[in-house]
Amino acid sequence: MTVQYKFFKVGTMDPEPGETGLNLFLRQHRIVHVQREFVVAGENSFWGIAVEYIDGEPESGGNAKSGVGKKRVDYKEVLSPEAFALFVRLRDWRKQAAAGEAVPVYTIFTNEQLASIAREKPNSKSGLEKIPGVGEARIVKYSADVLRIVAALENPMTATGSQ
């Protein structure tokens, strides 16, 4: 598997063609990283978007439109009510973090990693390191937020008082 690059231009005056092409491409490829830059050029201003990808099926597997071949886990069934509540908060945070970085949510943490965090409720960086697939880069980048969310659910009075 070779990493490749694709570049898109999404105009501000007529974004539809660029958005459509970008969204179609994102659904059909395994995305590694997305870099975006706003280019100011008066009425010709645009978003320049560089997509780093691996050719092939999206990471979810199967058919991107129908979800065929994709094994879905209902985390509400497999987690305790308390763990599921934490999972939901972590998932909401992940969605915001991914939007802020313009990356797919699974590049932040996978659902399985979030479920493991919700089950284990780590209270330190070393606890997070025990979660499969959570390495140094994720620890450096996201541990403060994740540990704050875990602590807030475990000790609601302490978390409320510190904000």
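Residues numbered from 1 in each chain as written. Predicted model: local features only at pLDDT ≥ 70, side-chain atom pairs only at ≥ 80, totals over all residues. Heavy atoms only, no water.

**Things to note about the overall build of the protein chain**
What the protein chain contains, in helices and strands, is seven helices and three strands. In sequence order, the secondary structure elements of the protein chain are arranged as β-α-β-β-α-α-α-α-α-α. The buried share of the protein chain, taken over its 163 residues, is 31%. Once local pairs closer than 6 in sequence are excluded, the contacts in the protein chain between residues at least 24 apart make up 60%. Working note: accessible area of the protein chain is about 10500 Å², and carbon and sulfur atoms make up 53% of it. (Helix = DSSP H or I, 4+ residues; strand = E, 2+ residues; numbered from the N terminus. Buried < 20%, exposed > 50% of the residue type's maximum accessible area, 1.4 Å probe, protein only. Contact = heavy atoms within 4.5 Å. Areas by Shrake-Rupley, 256 points an atom, 1.4 Å probe, with all protein chains shown as cover.)

**Points about the confidence of the model for the protein chain**
Per-residue confidence for the protein chain averages 83 on the pLDDT scale, and 84% of its residues sit at or above 70. Per-element confidence in the protein chain is highest for helix H3 (residues 81-101), whose mean pLDDT is 94, and lowest for helix H7 (residues 156-162), whose mean pLDDT is 51. With pLDDT under 50 throughout, residues 59-69 is counted as low confidence; its partners more than four residues away or in other chains account for 10 contacts. Scored below 50 in pLDDT, residues 159-163 makes one contact in the model with residues more than four places away or belonging to other chains. (pLDDT = per-residue confidence, 0-100.)

**Some thoughts on the packing of H3 against helix H6 (residues 136-154)**
At a minimum axis separation of 10 Å, H3 and H6 run at an interaxial angle of 150°. As the angle between them shows, H3 and H6 are arranged roughly antiparallel. Considering only the axes of H3 and H6, their crossing is right-handed. Residue-level inspection shows Glu82, Ala85, Leu86, Arg89, Leu90, Trp93 and Glu101 of H3 in contact with H6, the latter providing Lys141, Tyr142, Asp145, Val146, Ile149, Val150 and Leu153. For the contact of H3 with H6, the residue count by class is nine nonpolar, no polar and five charged. (Axes fitted to C-alpha atoms, helices over the stretch in contact; angles between N-to-C directions. Parallel < 35°, antiparallel > 145°, perpendicular 65-115°, else oblique. Left-handed = near helix turned anticlockwise from the far one by under 90°. Nonpolar A, V, L, I, M, F, W, Y, C, P; charged D, E, K, R; others polar.)

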